[in-house]
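Chains, contacts and geometry: an overview
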Amino acid sequence: MDEQMSCFDKEIDRTNSHSDKWTKYPQEVIPLWVADMDFESPECIKNALNERVDEGVFGYTHASKSLENNIVEHAQRRYNWAISRTHIVHLPGLVCALHLAVRNFSNEGDAIVVPGPVYYHLNKAPLLANRTLSRVDMEIKEGRWVPDMQALETACAQPNSKMILLCNPHNPGGTVYTKAELEAIHQLAKRHDLLVVSDEIHCDLILDDVPHVPFASINEDAANRTITLMAPSKTFNVAGLGYAFAVIANRTLRNAFNEAKTGLVPYPNLLGLTAANAAYEAGQEWHASLLTYLKENRDIIARWLPSTPLKMVHLEATYLAWIDVSALQLDSVHQFFLEAGIGISDGKDFGNPNYIRLNFGCPKSRLEDAIKRINDALKKHNYL
(Lines give C-alpha, C1' and ligand atoms only; values in the text may rest on other atoms or scores of the structure.)
Protein backbone atom coordinates (compact mmCIF):
# COMPACT_ATOMS: atom_id res chain seq x y z
CA MET A 1 0.00 0.00 0.00
CA ASP A 2 2.83 2.44 0.80
CA GLU A 3 4.31 1.84 -2.65
CA GLN A 4 0.90 2.39 -4.20
CA MET A 5 0.36 5.59 -2.23
CA SER A 6 3.72 7.04 -3.19
CA CYS A 7 2.77 7.06 -6.87
CA PHE A 8 0.16 9.74 -6.17
CA ASP A 9 2.79 12.02 -4.64
CA LYS A 10 4.82 11.95 -7.84
CA GLU A 11 5.12 15.32 -9.58
CA ILE A 12 4.67 14.78 -13.31
CA ASP A 13 5.61 17.43 -15.86
CA ARG A 14 2.67 17.55 -18.29
CA THR A 15 3.57 20.83 -19.95
CA ASN A 16 4.99 19.17 -23.07
CA SER A 17 2.22 16.63 -23.61
CA HIS A 18 -0.32 18.97 -25.27
CA SER A 19 -2.47 18.64 -22.16
CA ASP A 20 -5.62 20.79 -22.22
CA LYS A 21 -5.28 21.24 -18.48
CA TRP A 22 -1.66 22.35 -18.54
CA THR A 23 -1.63 24.53 -21.67
CA LYS A 24 -4.61 26.77 -20.90
CA TYR A 25 -2.67 29.01 -18.52
CA PRO A 26 0.90 30.39 -18.32
CA GLN A 27 3.40 27.90 -16.90
CA GLU A 28 3.60 29.65 -13.52
CA VAL A 29 -0.12 29.08 -12.90
CA ILE A 30 -1.21 25.89 -11.10
CA PRO A 31 -4.12 24.49 -13.17
CA LEU A 32 -6.84 23.08 -10.93
CA TRP A 33 -9.77 23.42 -13.29
CA VAL A 34 -10.84 20.65 -15.71
CA ALA A 35 -11.72 17.21 -14.27
CA ASP A 36 -8.39 15.62 -15.19
CA MET A 37 -6.17 14.22 -12.43
CA ASP A 38 -2.38 14.64 -12.39
CA PHE A 39 -1.78 11.00 -11.48
CA GLU A 40 -0.34 8.22 -13.62
CA SER A 41 -2.90 5.61 -14.54
CA PRO A 42 -2.43 2.18 -12.94
CA GLU A 43 0.24 -0.22 -14.13
CA CYS A 44 -2.38 -2.67 -15.39
CA ILE A 45 -3.61 -0.07 -17.89
CA LYS A 46 -0.11 0.99 -18.99
CA ASN A 47 0.89 -2.66 -19.47
CA ALA A 48 -2.24 -3.49 -21.46
CA LEU A 49 -1.72 -0.46 -23.71
CA ASN A 50 1.94 -1.33 -24.27
CA GLU A 51 1.03 -4.88 -25.23
CA ARG A 52 -1.62 -3.65 -27.64
CA VAL A 53 0.74 -1.11 -29.23
CA ASP A 54 3.44 -3.76 -29.58
CA GLU A 55 1.10 -5.74 -31.85
CA GLY A 56 1.63 -2.94 -34.34
CA VAL A 57 -1.69 -3.28 -36.19
CA PHE A 58 -4.44 -0.79 -35.40
CA GLY A 59 -7.35 -1.74 -37.62
CA TYR A 60 -11.06 -1.60 -36.92
CA THR A 61 -11.73 -3.04 -33.47
CA HIS A 62 -14.88 -3.91 -31.55
CA ALA A 63 -15.44 -4.35 -27.83
CA SER A 64 -14.42 -7.73 -26.50
CA LYS A 65 -16.63 -10.09 -24.56
CA SER A 66 -14.05 -9.74 -21.80
CA LEU A 67 -14.71 -5.99 -21.51
CA GLU A 68 -18.46 -6.45 -21.45
CA ASN A 69 -18.21 -9.22 -18.85
CA ASN A 70 -15.93 -7.03 -16.73
CA ILE A 71 -18.43 -4.15 -16.90
CA VAL A 72 -21.24 -6.49 -15.84
CA GLU A 73 -19.15 -7.86 -12.96
CA HIS A 74 -18.09 -4.34 -11.92
CA ALA A 75 -21.72 -3.19 -11.79
CA GLN A 76 -22.69 -6.19 -9.67
CA ARG A 77 -19.70 -5.94 -7.34
CA ARG A 78 -19.72 -2.20 -6.70
CA TYR A 79 -23.41 -1.26 -7.01
CA ASN A 80 -25.25 -4.57 -6.58
CA TRP A 81 -26.72 -3.84 -10.00
CA ALA A 82 -27.55 -6.75 -12.29
CA ILE A 83 -27.18 -5.76 -15.93
CA SER A 84 -26.80 -7.76 -19.12
CA ARG A 85 -24.06 -7.51 -21.73
CA THR A 86 -26.82 -6.78 -24.24
CA HIS A 87 -27.74 -3.60 -22.34
CA ILE A 88 -24.32 -2.02 -22.97
CA VAL A 89 -23.79 0.54 -25.73
CA HIS A 90 -20.14 1.44 -26.33
CA LEU A 91 -19.34 5.12 -26.90
CA PRO A 92 -16.32 7.34 -27.63
CA GLY A 93 -17.31 9.61 -24.75
CA LEU A 94 -20.12 10.55 -22.43
CA VAL A 95 -20.80 14.12 -23.63
CA CYS A 96 -21.86 13.09 -27.13
CA ALA A 97 -24.37 10.68 -25.58
CA LEU A 98 -25.95 13.48 -23.52
CA HIS A 99 -26.44 15.61 -26.62
CA LEU A 100 -27.59 12.66 -28.73
CA ALA A 101 -30.22 11.63 -26.18
CA VAL A 102 -31.68 15.14 -25.99
CA ARG A 103 -31.84 15.51 -29.77
CA ASN A 104 -33.26 12.06 -30.44
CA PHE A 105 -35.80 11.69 -27.64
CA SER A 106 -37.30 15.17 -27.62
CA ASN A 107 -38.45 17.78 -30.13
CA GLU A 108 -37.79 21.48 -30.54
CA GLY A 109 -39.70 23.39 -27.90
CA ASP A 110 -39.81 20.48 -25.48
CA ALA A 111 -38.54 21.14 -21.96
CA ILE A 112 -35.59 19.27 -20.51
CA VAL A 113 -35.53 19.32 -16.70
CA VAL A 114 -32.05 19.80 -15.20
CA PRO A 115 -31.30 20.16 -11.46
CA GLY A 116 -28.38 22.57 -11.11
CA PRO A 117 -25.84 24.10 -10.74
CA VAL A 118 -24.43 21.21 -12.69
CA TYR A 119 -21.77 20.12 -15.18
CA TYR A 120 -22.28 22.54 -18.04
CA HIS A 121 -22.98 20.02 -20.82
CA LEU A 122 -26.22 19.05 -19.08
CA ASN A 123 -27.30 22.66 -19.61
CA LYS A 124 -25.77 23.01 -23.07
CA ALA A 125 -27.37 19.88 -24.53
CA PRO A 126 -30.95 21.28 -24.41
CA LEU A 127 -29.94 24.81 -25.44
CA LEU A 128 -27.87 23.74 -28.45
CA ALA A 129 -30.79 21.59 -29.63
CA ASN A 130 -33.33 24.43 -29.34
CA ARG A 131 -35.06 22.79 -26.42
CA THR A 132 -36.25 24.66 -23.35
CA LEU A 133 -33.86 24.34 -20.43
CA SER A 134 -36.06 23.87 -17.37
CA ARG A 135 -33.50 24.43 -14.65
CA VAL A 136 -34.36 23.43 -11.10
CA ASP A 137 -32.23 25.06 -8.43
CA MET A 138 -30.52 22.76 -5.98
CA GLU A 139 -30.33 23.76 -2.34
CA ILE A 140 -28.13 22.97 0.62
CA LYS A 141 -30.18 20.78 2.95
CA GLU A 142 -28.63 19.15 6.01
CA GLY A 143 -25.18 19.83 4.58
CA ARG A 144 -25.77 18.34 1.12
CA TRP A 145 -26.65 19.72 -2.29
CA VAL A 146 -30.05 18.31 -3.29
CA PRO A 147 -32.80 19.39 -5.71
CA ASP A 148 -35.63 21.57 -4.45
CA MET A 149 -38.22 18.82 -4.76
CA GLN A 150 -41.21 21.15 -4.94
CA ALA A 151 -39.58 23.04 -7.81
CA LEU A 152 -38.62 19.75 -9.44
CA GLU A 153 -42.22 18.53 -9.26
CA THR A 154 -43.46 21.78 -10.81
CA ALA A 155 -40.95 21.49 -13.65
CA CYS A 156 -41.73 17.83 -14.34
CA ALA A 157 -45.47 18.56 -14.40
CA GLN A 158 -45.22 21.04 -17.28
CA PRO A 159 -46.95 19.59 -20.36
CA ASN A 160 -43.91 20.12 -22.60
CA SER A 161 -41.45 18.41 -20.23
CA LYS A 162 -39.96 15.29 -21.82
CA MET A 163 -36.77 14.39 -19.99
CA ILE A 164 -34.75 14.75 -16.78
CA LEU A 165 -30.97 15.09 -17.03
CA LEU A 166 -29.56 13.88 -13.73
CA CYS A 167 -25.97 13.97 -12.49
CA ASN A 168 -25.25 11.35 -9.82
CA PRO A 169 -22.86 11.67 -8.05
CA HIS A 170 -23.45 15.34 -8.51
CA ASN A 171 -20.84 17.45 -10.27
CA PRO A 172 -19.95 19.96 -8.89
CA GLY A 173 -21.74 19.60 -5.54
CA GLY A 174 -20.35 16.17 -4.66
CA THR A 175 -23.68 14.71 -3.51
CA VAL A 176 -24.23 10.97 -3.72
CA TYR A 177 -27.98 10.58 -4.06
CA THR A 178 -29.58 8.17 -1.61
CA LYS A 179 -31.98 5.50 -2.78
CA ALA A 180 -34.86 7.39 -1.15
CA GLU A 181 -33.94 10.58 -3.02
CA LEU A 182 -33.75 8.71 -6.30
CA GLU A 183 -37.08 7.02 -5.62
CA ALA A 184 -38.68 10.44 -5.11
CA ILE A 185 -37.26 11.63 -8.44
CA HIS A 186 -38.41 8.41 -10.10
CA GLN A 187 -41.97 8.93 -8.90
CA LEU A 188 -42.03 12.26 -10.72
CA ALA A 189 -40.55 10.73 -13.86
CA LYS A 190 -43.10 7.92 -13.80
CA ARG A 191 -46.07 10.19 -13.04
CA HIS A 192 -45.25 12.49 -15.94
CA ASP A 193 -43.78 9.83 -18.24
CA LEU A 194 -40.33 11.37 -18.53
CA LEU A 195 -37.16 9.79 -19.86
CA VAL A 196 -34.22 10.00 -17.46
CA VAL A 197 -30.66 10.38 -18.70
CA SER A 198 -28.39 9.78 -15.74
CA ASP A 199 -24.77 10.98 -15.94
CA GLU A 200 -22.99 8.66 -13.49
CA ILE A 201 -19.41 9.18 -14.63
CA HIS A 202 -18.22 9.94 -11.07
CA CYS A 203 -19.84 6.83 -9.57
CA ASP A 204 -16.50 5.20 -8.70
CA LEU A 205 -15.19 8.29 -6.91
CA ILE A 206 -17.22 8.01 -3.69
CA LEU A 207 -15.18 9.38 -0.78
CA ASP A 208 -17.58 8.55 2.07
CA ASP A 209 -18.86 5.20 3.25
CA VAL A 210 -22.06 5.48 1.24
CA PRO A 211 -23.17 3.38 -1.74
CA HIS A 212 -23.63 4.59 -5.27
CA VAL A 213 -27.16 3.68 -6.38
CA PRO A 214 -27.62 3.75 -10.16
CA PHE A 215 -30.93 5.42 -10.96
CA ALA A 216 -31.86 2.55 -13.25
CA SER A 217 -31.33 0.02 -10.45
CA ILE A 218 -34.08 1.23 -8.12
CA ASN A 219 -36.93 -0.66 -9.82
CA GLU A 220 -38.09 -2.10 -13.13
CA ASP A 221 -39.87 1.03 -14.28
CA ALA A 222 -36.76 3.14 -13.63
CA ALA A 223 -34.69 0.66 -15.64
CA ASN A 224 -37.11 0.92 -18.55
CA ARG A 225 -37.08 4.73 -18.74
CA THR A 226 -33.38 5.39 -18.09
CA ILE A 227 -30.24 5.83 -20.15
CA THR A 228 -27.32 5.44 -17.73
CA LEU A 229 -23.99 6.93 -18.78
CA MET A 230 -20.73 5.71 -17.24
CA ALA A 231 -17.01 5.62 -18.06
CA PRO A 232 -13.65 4.67 -16.56
CA SER A 233 -12.20 8.00 -17.70
CA LYS A 234 -12.44 10.09 -14.51
CA THR A 235 -11.64 7.25 -12.12
CA PHE A 236 -8.60 5.85 -13.92
CA ASN A 237 -7.49 9.11 -15.59
CA VAL A 238 -7.87 7.88 -19.16
CA ALA A 239 -10.17 10.60 -20.56
CA GLY A 240 -7.88 11.20 -23.53
CA LEU A 241 -8.39 7.62 -24.75
CA GLY A 242 -12.05 8.21 -25.54
CA TYR A 243 -14.21 5.47 -24.06
CA ALA A 244 -17.56 5.50 -22.25
CA PHE A 245 -20.66 3.35 -22.28
CA ALA A 246 -24.41 3.57 -21.84
CA VAL A 247 -26.54 0.99 -20.06
CA ILE A 248 -30.02 0.86 -21.60
CA ALA A 249 -32.21 -2.04 -20.46
CA ASN A 250 -35.24 -1.06 -22.56
CA ARG A 251 -34.72 -2.71 -25.95
CA THR A 252 -36.86 -0.21 -27.86
CA LEU A 253 -35.02 2.70 -26.26
CA ARG A 254 -31.64 1.04 -26.87
CA ASN A 255 -32.42 0.34 -30.53
CA ALA A 256 -33.54 3.94 -31.07
CA PHE A 257 -30.37 5.23 -29.39
CA ASN A 258 -28.16 2.99 -31.53
CA GLU A 259 -30.00 4.02 -34.69
CA ALA A 260 -29.61 7.71 -33.81
CA LYS A 261 -25.86 7.43 -33.38
CA THR A 262 -25.29 5.50 -36.61
CA GLY A 263 -23.05 7.47 -38.96
CA LEU A 264 -22.68 10.32 -36.46
CA VAL A 265 -21.01 8.89 -33.37
CA PRO A 266 -17.80 6.95 -34.09
CA TYR A 267 -16.94 3.66 -32.45
CA PRO A 268 -14.59 3.90 -29.46
CA ASN A 269 -10.85 4.05 -29.98
CA LEU A 270 -9.21 0.62 -29.74
CA LEU A 271 -6.82 1.90 -27.03
CA GLY A 272 -9.77 3.21 -25.05
CA LEU A 273 -11.35 -0.24 -25.18
CA THR A 274 -8.06 -1.80 -24.09
CA ALA A 275 -7.64 0.59 -21.16
CA ALA A 276 -11.24 0.12 -20.00
CA ASN A 277 -10.90 -3.66 -19.99
CA ALA A 278 -7.70 -3.49 -17.94
CA ALA A 279 -9.21 -0.99 -15.51
CA TYR A 280 -12.28 -3.06 -14.72
CA GLU A 281 -10.37 -6.33 -14.71
CA ALA A 282 -7.32 -5.45 -12.61
CA GLY A 283 -7.53 -1.87 -11.36
CA GLN A 284 -9.21 -2.47 -8.00
CA GLU A 285 -6.15 -2.15 -5.74
CA TRP A 286 -4.98 1.06 -7.41
CA HIS A 287 -8.53 2.40 -7.27
CA ALA A 288 -8.76 1.78 -3.52
CA SER A 289 -5.47 3.61 -2.97
CA LEU A 290 -6.66 6.51 -5.13
CA LEU A 291 -9.78 6.95 -3.02
CA THR A 292 -7.70 7.01 0.17
CA TYR A 293 -5.46 9.71 -1.32
CA LEU A 294 -8.38 11.80 -2.57
CA LYS A 295 -10.08 11.62 0.85
CA GLU A 296 -6.92 13.01 2.42
CA ASN A 297 -6.79 15.84 -0.12
CA ARG A 298 -10.47 16.61 0.44
CA ASP A 299 -9.86 16.74 4.17
CA ILE A 300 -6.88 19.09 3.72
CA ILE A 301 -9.26 21.52 2.00
CA ALA A 302 -11.98 21.01 4.60
CA ARG A 303 -9.56 21.79 7.44
CA TRP A 304 -8.20 24.88 5.67
CA LEU A 305 -11.40 26.62 4.58
CA PRO A 306 -12.75 27.56 8.06
CA SER A 307 -9.75 29.88 8.52
CA THR A 308 -10.85 31.83 5.42
CA PRO A 309 -14.05 33.57 4.23
CA LEU A 310 -14.55 30.65 1.80
CA LYS A 311 -17.04 27.86 2.48
CA MET A 312 -17.75 24.35 1.24
CA VAL A 313 -20.38 21.81 2.23
CA HIS A 314 -19.12 18.31 2.91
CA LEU A 315 -18.09 16.57 -0.31
CA GLU A 316 -19.30 12.97 -0.53
CA ALA A 317 -17.79 12.19 -3.93
CA THR A 318 -15.56 13.38 -6.79
CA TYR A 319 -12.23 15.21 -6.62
CA LEU A 320 -13.90 18.55 -7.40
CA ALA A 321 -14.35 20.99 -4.51
CA TRP A 322 -17.36 23.31 -4.96
CA ILE A 323 -16.34 26.37 -2.96
CA ASP A 324 -18.50 29.36 -2.05
CA VAL A 325 -16.52 32.59 -2.66
CA SER A 326 -19.44 35.00 -2.33
CA ALA A 327 -17.99 36.61 0.81
CA LEU A 328 -15.17 38.05 -1.29
CA GLN A 329 -17.66 40.06 -3.41
CA LEU A 330 -15.40 39.88 -6.45
CA ASP A 331 -16.04 41.54 -9.80
CA SER A 332 -14.19 38.68 -11.50
CA VAL A 333 -13.78 35.45 -9.55
CA HIS A 334 -11.69 33.87 -12.29
CA GLN A 335 -9.31 36.83 -12.47
CA PHE A 336 -8.80 36.96 -8.70
CA PHE A 337 -7.62 33.34 -8.60
CA LEU A 338 -5.62 33.68 -11.79
CA GLU A 339 -3.71 36.60 -10.27
CA ALA A 340 -3.11 34.38 -7.25
CA GLY A 341 -1.51 31.83 -9.59
CA ILE A 342 -4.39 29.34 -9.62
CA GLY A 343 -6.46 28.30 -12.63
CA ILE A 344 -9.94 27.31 -11.42
CA SER A 345 -13.29 26.56 -13.04
CA ASP A 346 -15.59 29.57 -12.70
CA GLY A 347 -18.88 28.71 -11.03
CA LYS A 348 -20.84 30.72 -13.58
CA ASP A 349 -20.12 27.98 -16.13
CA PHE A 350 -22.11 25.57 -13.94
CA GLY A 351 -24.85 28.05 -13.09
CA ASN A 352 -23.68 29.88 -9.96
CA PRO A 353 -21.13 32.73 -10.22
CA ASN A 354 -20.67 32.79 -6.43
CA TYR A 355 -18.68 29.54 -6.55
CA ILE A 356 -15.50 28.07 -7.93
CA ARG A 357 -14.78 24.44 -8.72
CA LEU A 358 -11.30 23.35 -7.69
CA ASN A 359 -9.76 20.05 -8.81
CA PHE A 360 -7.80 18.41 -5.97
CA GLY A 361 -6.86 15.31 -7.98
CA CYS A 362 -3.17 16.19 -7.72
CA PRO A 363 -0.15 15.52 -5.49
CA LYS A 364 -0.48 16.92 -1.98
CA SER A 365 2.53 19.16 -2.54
CA ARG A 366 0.74 20.86 -5.43
CA LEU A 367 -2.48 21.25 -3.46
CA GLU A 368 -0.62 22.72 -0.49
CA ASP A 369 1.19 25.16 -2.81
CA ALA A 370 -2.19 26.21 -4.22
CA ILE A 371 -3.61 26.76 -0.74
CA LYS A 372 -0.63 28.90 0.19
CA ARG A 373 -1.07 31.00 -2.94
CA ILE A 374 -4.77 31.52 -2.21
CA ASN A 375 -4.01 32.46 1.41
CA ASP A 376 -1.40 34.96 0.21
CA ALA A 377 -3.94 36.53 -2.14
CA LEU A 378 -6.58 36.70 0.60
CA LYS A 379 -4.08 38.43 2.89
CA LYS A 380 -2.99 40.81 0.14
CA HIS A 381 -6.56 41.95 -0.36
CA ASN A 382 -7.32 42.10 3.38
CA TYR A 383 -9.66 39.13 3.50
CA LEU A 384 -7.52 37.49 6.20
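See the structure printed just above.
Predicted, not measured: the structure shown is a model, and the values here were computed from it. (Residues numbered from 1 in each chain as written. Predicted model: local features only at pLDDT ≥ 70, side-chain atom pairs only at ≥ 80, totals over all residues. Heavy atoms only, no water.)

The next subject is the packing of helix 7 (residues 149-157) against helix 8 (residues 179-191). Axis separation between helix 7 and helix 8 bottoms out at 10 Å; the angle between their running directions is 15°. Classed by the angle they form, the pair helix 7 and helix 8 counts as roughly parallel. Once helix 7 is placed against helix 8, the crossing between them reads as right-handed. On helix 8, the residues that touch M149, L152, E153 and C156 of helix 7 are A184, I185, L188 and R191. (Axes fitted to C-alpha atoms, helices over the stretch in contact; angles between N-to-C directions. Helix = DSSP H or I, 4+ residues; strand = E, 2+ residues; numbered from the N terminus. Parallel < 35°, antiparallel > 145°, perpendicular 65-115°, else oblique. Left-handed = near helix turned anticlockwise from the far one by under 90°. Contact = heavy atoms within 4.5 Å.)

Here the focus is the sheet that holds strand 12 (residues 345-346). In a beta sheet, neighbouring strands pair by backbone hydrogen bonds and run either parallel or antiparallel. Taken together, three strands build an open sheet; the order of strands is 10-13-12 and the sheet is antiparallel. Each having just a single partner strand, strand 10 (320-324) and strand 12 make up the two edges of the open sheet. As judged from the five bridges shared by strand 10 and strand 13 (residues 355-359), these two strands associate in the antiparallel manner. Following the sheet pairing, D324 is matched in strand 13 by Y355. (Pairing = 2+ DSSP bridges.)

This brings us to the nonpolar core. Core analysis: the biggest nonpolar cluster contains 50 residues, and I45, L294, F337, L358 and F360 have the highest contact counts within it. Going through the elements one at a time, helix 3 (43-55), helix 12 (270-282), helix 13 (284-304), strand 10, helix 14 (333-339), strand 13 and helix 15 (364-380) are the ones with two or more residues in this core. By residue number, the principal contributor to this core is helix 13, which donates eight residues. One finds L91, A101, A125 and V265 within the second-largest nonpolar core, a separate group that totals 31 residues. (Core = buried A, V, L, I, M, F, W, Y, C linked by side-chain atoms within 4.5 Å. Buried < 20%, exposed > 50% of the residue type's maximum accessible area, 1.4 Å probe, protein only.)

For the rest of this paragraph, the subject is the pattern of salt bridges. Pairing is possible between side chains that carry opposite charge, provided their charged atoms lie close to one another. Counted under the stated rule, the structure contains 23 salt bridges. A salt bridge links R298 to D299; the shortest N-O distance between them is 3.1 Å. For R298, a relative accessible area of 7% puts it in the buried group. A cluster of three or more residues bridged by salt bridges with shared partners is formed by E11, R14, K21, D36, D38 and R366. (Salt bridge = Lys/Arg side-chain N within 4 Å of Asp/Glu carboxyl O.)

Turning our attention to the side chain of H212. Its location among the elements puts H212 in the loop between strand 7 (195-199) and helix 9 (220-224). Sequence-distant contacts of H212, defined by excluding residues within four places in its chain, comprise Y79, N168, P169, V176, E200, C203, I206 and M230.

Looking now at the pairing of strand 9 (residues 244-247). With burial as the criterion, each face of strand 9 is covered, one bearing A244 and A246 and the other bearing F245 and V247. As paired strands, strand 2 (residues 88-91) and strand 9 are joined by four bridges and run antiparallel to one another. Within the sheet, the bridge partner assigned to L91 lies in strand 9 and is A244. Bridge count between strand 8 (residues 226-230) and strand 9: three bridges; the pairing is antiparallel. Residue pairing in the sheet places T228 in a bridge with V247 of strand 9.

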